[in-house]
Amino acid sequence: MDYPAGYKYTKEHEWIDLNGKEGKIGITDYAQNSLGDIVFVDLPKVGSPVEKGKVFGSVESVKAVSDLYSPVSGTVTAVNEELTSTPEKINTDAHNAWIMKVEVGNVADAGDLLSKDAYETYIKEETH
Amino acid sequence: MSTTAAPPALRKTALNATHRRLGAKMVDFGGWDMPVEYSGLIAEHMAVRTGVGVFDVSHMGDIQLRGPSSLAAVQHISMNDASKLKEGQAHYSALLYPNGTFVDDVIVHRLSENDYLLVINAGTREKDVNWVRKNLAGRPGVHVSDYSDYYTQLAIQGPKTVDVLRKLTDRDLDGIKNYWFTWGTVCGLHNTLIARTGYTGEDGFEIYVPSDQPTSERVWNEVLEAGKEFGILPCGLGARNTLRLEAAMALYGHEISDEINVFEAGLDRYAKLEKGDFVGRDALEAVRAAGGPKRKLVGLEITERGIARDGYAVLSPDGKKIGIVASGSPSPFLKKNIALAHLPMEFTAPGTEIAVEIRNQPVKAVVVPTPFYKRPKKQA
């Protein structure tokens, strides 16, 4: 699976596509594969604050609930309403099925996130 | 993810390496390293509902009771009336504690007048065997054998099951009615037990073959090969759970347990109090004499957005906790979120509005009749 080079990644398997102060956030292909068929997404409210490392929502497969952790702090500017009716888009296209857009408070927050290479190494080690 | 070896402490069926080779996601189920899904839970679930799927259920246990007193022995420990069984017939029953709660649920097969096979749950294997031995200790004329490790048990389930199995046996399958069984040659193996039983709410057969790895793998592969033209999928415990939930079938530790009695579980129609004494009978008689149980298992449909899961609190309309979800999940076939819960009698009428607490919020639900899903009647 191709992990976009322009994204940054977390150890909890979220990705962030950061352009200036606007961040688009989703979960990785590795995450959707581990979860199985996704049937429900609990989206945050537009306008609500998110905090780096804290839960901002959840994604549910048939068998389990999985919390989502924000890679940055900021304010939610948009949520992907499509995922309410077609959550399976995350399974078929995880790296384009964004979950929320955030106006980032401090861009330096993203400094400790993993690059594509670092994330790929990380998940390789996870499966051993 | 599943190319690594199984953790050493978990038990494995003979097909463990086969499941891993197929890329199954594995899970610890009651101390067993089992496949939870292969190609995907929803695809596997739908294969069983519309075509055919195959499950490795070898982790389940098998107790055989033999001897001239074996019927009396079965009658003593099992709540259903085994004297009503004909040779080649099976029925659903349970082993009870003296207080009328469940040791386990069980399928009792009458192999002959003096020979009974009890198929029991994986998680309760040792407990059940010990309990049966203890309750039959000192009884002459009956011999108890634990054959759990002798069999690889495959469940082939779905409307196309007969199409698949008839390619592997020359036994007349149409002559075997639901919950009846026979023996025949399957995949070249003589005297294979072929039972029209299952845990999915669909038509299906369970076959019991020798548990050595080469035979088990060969039979598994032949079933998949025979089923290819019908779209057969190997199915894991994930789909097994969503299928049985749609059919409102009990899972030990959820709908039935040692804290839930037969009436509370809604299974009193399988307890034949009039047949004579059995372990737990007096306690059930007392419940009946008291006018019935104080709570009962009901089906719930979640009517607002949200998935009710095992252990979530069930709330009355004014927000009081009235029970917990015994089993809850999305229903892949019905495309609704469903659940089973034991609720106080005043909340058990279909149409009763209640709520389930999901992430600290009450989410509306309604009591519905069960089963949630019933398979279509066969066209002539």
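Keep in mind that what you see is a predicted model, and the values were worked out from it rather than measured.

Visitor: Please clarify how the sheet that holds strand β6 (residues 55–61) of chain A should be interpreted in this entry.
Guide: Working definition: the strands of a sheet are paired by backbone hydrogen bonds and lie parallel or antiparallel to each other. All names here are of chain A. Taking strand neighbours across the sheet as the criterion, the 3 strands line up as β4-β6-β7 in an open arrangement whose pairing is antiparallel. Looking at strand neighbours, the two that pair on one side only are β4 (38–42) and β7 (65–69), the edges of this open sheet. Between one strand axis and the next, the sheet turns through 25 degrees on average, direction left out of account. Alignment of β4 against β6, held across 4 bridges, turns out to be antiparallel.

Visitor: It is not clear to me how helix α2 (residues 41–50) of chain B should be interpreted in this structure. Could you clarify?
Guide: An α-helical segment advances 3.6 residues per turn. Residues three or four places apart therefore align on the same side. All names here are of chain B. Burial analysis of α2 places 7 of its 10 residues in the buried class, which makes it a mostly covered element. Among all positions of α2, only Leu 41, Ile 42, Glu 44, His 45, Ala 47, Val 48 and Arg 49 are buried. For α2, the elements touching its buried residues are β2 (32–37), β3 (53–56), β9 (151–157), β13 (233–234) and α7 (237–246).

Visitor: I'm lost on the nonpolar core in this one. Help?
Guide: Most often, soluble globular proteins keep nonpolar side chains buried together rather than apart. Ranked by internal contacts, the top residues of the largest apolar core, which has 134 residues, are Ala 308 and Val 356 of chain B. In contact with Ala 308 of chain B, not counting residues within four places along its chain, are Leu 300, Ile 302, Val 325, Gly 328, Asn 337, Ala 339, Val 356, Ile 358 and Ala 365 of chain B.

Visitor: Honestly, helix α6 (residues 213–227) of chain B in this entry has me stumped. Any pointers?
Guide: Residue and element names in this part refer to chain B. Taking 1.5 Å as the rise per residue, α6 with 15 residues should run 21 Å; its terminal C-alpha atoms sit 21 Å apart, in good agreement. When α6 is considered as a whole, its buried residues turn out to be Ser 216, Val 219, Trp 220, Val 223, Ala 226 and Gly 227. Along the long axis of α6, the arc covered by the buried residues comes to 135 degrees, so they all point the same way. The exposed residues of α6 that point more than 90 degrees off its buried face are Pro 214 and Asn 221. Of the surrounding secondary structure, the elements contacted by the buried residues of α6 are α1 (16–21), β3, β9, α5 (161–165) and β12 (204–210).

Visitor: Would you take a moment to explain unusual backbone geometry for this structure?
Guide: Residues and elements named next belong to chain B. Looking along the chain, the bond that leaves Thr 370 and enters Pro 371 is cis, with omega of 5 degrees. Tracing the chain through its elements places Pro 371 in the segment after β19 (361–368). Here Asn 191, not a glycine, exhibits a phi torsion of approximately 55 degrees, which is positive. Relative to the helices and strands, Asn 191 is located in strand β11 (residues 189–195).

Visitor: Even after reading the chapter, I still don't get the interface of chain B and chain A, so can you show me in this structure?
Guide: When the parts of a complex come together, some accessible area is lost, and that lost area is often taken as the interface size. At the interface, 11 residues of chain B touch 8 residues of chain A. Counted by class, the side of chain B that touches chain A contains 6 nonpolar, 4 polar and 1 charged residues.

Visitor: Help me understand the domain arrangement of chain B in this model?
Guide: Residues and elements named next belong to chain B. Domain assignment breaks chain B into domain 1 (16–57 + 150–246), domain 2 (61–128) and domain 3 (294–368). Put simply, the middle of domain 1 and the middle of domain 2, counted by C-alpha atoms, are 23 Å apart. On the side of domain 2, 9 residues touch domain 1, which itself brings 10 residues to the contact.

Visitor: It is not clear to me how the pairing of strand β18 (residues 353–358) of chain B should be interpreted in this structure. Could you clarify?
Guide: Successive residues of a regular strand alternate their side chains across the two faces of the sheet. Residue and element names in this part refer to chain B. Bridging between strand β15 (residues 313–315) and β18 involves 2 bridges; their strand directions are antiparallel. Its bridge partner lying in β18, Leu 315 is registered against Ala 355. Pairing geometry for β18 and β19, over 6 bridges, is antiparallel. Each bridged residue has a counterpart across the sheet, and for Ile 354 the counterpart in β19 is Ala 365. Between β18 and β19, which pair antiparallel in sequence order, lie 2 residues; one of them, Arg 359, sits at a positive phi of approximately 50 degrees.

Visitor: Which parts of the structure should I look at to understand the environment of Tyr 116 of chain B?
Guide: All names here are of chain B. Following the sequence through the fold, Tyr 116 ends up in strand β7 (residues 115–120). Owing to 24 C-beta atoms within 10 Å, Tyr 116 belongs among the buried residues under this scheme. When the C-alpha positions of Tyr 116 and Ile 260 are compared, they lie 27 Å apart, and in sequence the two are 144 residues distant. Apart from residues no more than four positions distant in its own chain, Tyr 116 is found in contact with Gln 64, Leu 65, Ser 70, Val 74, Ala 82, Val 108, His 109, Arg 110 and Leu 111.

Visitor: Is there a simple way to explain the packing of α2 of chain B against α7 of chain B in this structure?
Guide: For any two helices packed against each other, one specifies the inter-axial angle together with the distance between the axes. Residue and element names in this part refer to chain B. In the contact formed by α2 and α7, the axes pass within 8 Å of each other and the chain directions differ by 55 degrees. The pairing of α2 with α7 is recorded here as oblique in orientation. Crossing of α2 over α7 shows right-handed handedness. Residues Leu 41, Glu 44, His 45 and Val 48 of α2 touch α7, and the partners they reach there are Gly 238, Ala 239, Thr 242 and Leu 243.

Rules used in this analysis
- Residues numbered from 1 in each chain as written.
- Chains lettered and ligands numbered in written order.
- Predicted model: local features only at pLDDT ≥ 70, side-chain atom pairs only at ≥ 80, totals over all residues.
- Pairing = 2+ DSSP bridges.
- Helix = DSSP H or I, 4+ residues; strand = E, 2+ residues; numbered from the N terminus.
- Axes fitted to C-alpha atoms, helices over the stretch in contact; angles between N-to-C directions.
- Buried ≥ 20, exposed ≤ 12 C-beta atoms within 10 Å, placed from the backbone.
- Contact = placed C-beta atoms within 7 Å.
- Core = buried A, V, L, I, M, F, W, Y, C linked by C-beta atoms within 7 Å.
- Expected span 1.5 Å × (residues − 1).
- Arc of directions from axis to C-beta.
- Nonpolar A, V, L, I, M, F, W, Y, C, P; charged D, E, K, R; others polar.
- Domains from an automatic or database assignment.
- Parallel < 35°, antiparallel > 145°, perpendicular 65-115°, else oblique.
- Left-handed = near helix turned anticlockwise from the far one by under 90°.

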